[in-house]
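So you can see what is in the structure, the chains are spelled out below.
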Amino acid sequence: QQQQQQQVEQILGYGFSSGCALSQALTHVSVLGVVSYQRLEFLGDALLDLMVSGWLVDKLAAALRQQHGAAQVYAPAVLTRARAALVNNTNLGRAAAAAGLQHHINARSRQLCKEMRKFAAAAAAAAA
């Protein structure tokens, strides 16, 4: 398990102070009797939404300045759709597979394992 932690930390470029937190982050709810990543997923989704929202506002404001000479504001619905197009299971699954994280997920769900294999195959094809 120490080796797995080191591999994941190398992939992410981040050192975890608690191996317990990393283990929880890699454990799917389909694994019975252990704490899964659901609580961390909730927090991570909120942080990712916040980061992408800020990036979108900055990026779109810059694009508007180039086009119109002054920053204008996009309607919240436009920003929400743009964020949803970027932050979704498909894009996150692709990114995780491209990094090789599927090898470290602890899951007992056939459907999840099938989806992880699909993303890994797509990542391998894209890299070729």
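Owing to the predicted nature of the structure, the values given are computational and were not obtained by experimental measurement.

*Asks:* Would you take a moment to explain the overall build of the protein for this structure?
*Replies:* Within the protein one finds 6 helices and 0 strands. Across the protein, helices and strands are ordered from the amino to the carboxyl terminus as α-α-α-α-α-α. In terms of overall dimensions, the protein is more spread out than a globule: its C-alpha atoms have a radius of gyration of 18 Å, far above the 14 Å expected for 128 residues. Structurally, the protein occupies a C-alpha span of about 55 × 35 × 25 Å along its principal axes. Within the span of the protein, comprising 128 residues, buried residues form 24% of the whole. For the protein, the share of sequence-separated contacts (at least 6 apart) that also reach a separation of at least 24 residues comes to 48%.

*Asks:* Just checking my understanding: could you explain helix α6 (residues 110–127) for this structure?
*Replies:* Structurally, the α-helix is built with 3.6 residues per turn, so residues lying three or four positions apart point the same way. Here α6 is 18 residues long and its end C-alpha atoms lie 26 Å apart, about the 26 Å a rise of 1.5 Å per residue gives. All buried positions along α6 are accounted for by M116, F119, A120 and A123. Seen end-on, α6 carries its buried residues on one side only, within an arc spanning 100 degrees. Summarising the geometry of α6, the exposed residues directed more than 90 degrees from the buried face are R110, R117 and A125. Where α6 is buried, its residues contact α5 (89–99).

*Asks:* I keep staring at the side chain of S109 and nothing clicks. Help me out?
*Replies:* Tracing the sequence through the fold places S109 in the loop between α5 and α6. Here L112 takes part through its backbone nitrogen, which lies 3.1 Å from a polar atom of the side chain of S109.

*Asks:* I keep staring at α5 and nothing clicks. Help me out?
*Replies:* A side-chain oxygen of the first residue of α5 lies 3.1 Å from the backbone nitrogen of T90; this N-cap is N88. Looking one or two residues past α5, G100 carries a phi angle of roughly 90 degrees, positive in sign.

*Asks:* Mind showing me how you'd approach the pattern of salt bridges here?
*Replies:* A side chain of one charge can pair with a side chain of the opposite charge if their charged atoms are brought near each other. Enumeration over the complete set of coordinates arrives at 2 salt bridges. The residue D49 makes a salt bridge to R83 at a minimum N-O spacing of 4.0 Å. Of the two residues, D49 is situated in helix α3 (residues 38–68) and R83 in helix α4 (residues 76–86); the sequence distance between them amounts to 34 residues. E115 is paired through a salt bridge with K118; the nearest N and O atoms lie 3.1 Å apart. Here E115 and its partner K118 are both found in helix α6, 3 residues apart, which amounts to about one turn of the helix.

*Asks:* Is there a simple way to think about the packing of α5 against α6 in this case?
*Replies:* Packed helices, taken two at a time, are described by the angle their axes make and the gap between the axes. Running from amino to carboxyl end, α5 crosses α6 at an angle of 65 degrees, the nearest separation of the two axes being 8 Å. Comparing the axis directions of α5 and α6 gives the class roughly perpendicular. The two elements α5 and α6 cross, and the hand of that crossing is right-handed. Contacts from N89, T90, G93, R94, A97 and A98 in α5 reach F119, A120 and A123 in α6. Residue composition of the contact of α5 with α6, by class: 5 nonpolar, 3 polar and 1 charged.

Cut-offs and rules
Residues numbered from 1 in each chain as written. Predicted model: local features only at pLDDT ≥ 70, side-chain atom pairs only at ≥ 80, totals over all residues. Heavy atoms only, no water. Helix = DSSP H or I, 4+ residues; strand = E, 2+ residues; numbered from the N terminus. Rg over C-alpha atoms; globule rule 2.2 N^0.38 Å. Buried < 20%, exposed > 50% of the residue type's maximum accessible area, 1.4 Å probe, protein only. Contact = heavy atoms within 4.5 Å. Expected span 1.5 Å × (residues − 1). Arc of directions from axis to C-beta. Polar contact = N/O pair within 3.5 Å; in protein donor to acceptor, adjacent residues only side chain to side chain. Salt bridge = Lys/Arg side-chain N within 4 Å of Asp/Glu carboxyl O. Axes fitted to C-alpha atoms, helices over the stretch in contact; angles between N-to-C directions. Parallel < 35°, antiparallel > 145°, perpendicular 65-115°, else oblique. Left-handed = near helix turned anticlockwise from the far one by under 90°. Nonpolar A, V, L, I, M, F, W, Y, C, P; charged D, E, K, R; others polar.

Nothing here speaks to function; it is geometry throughout.
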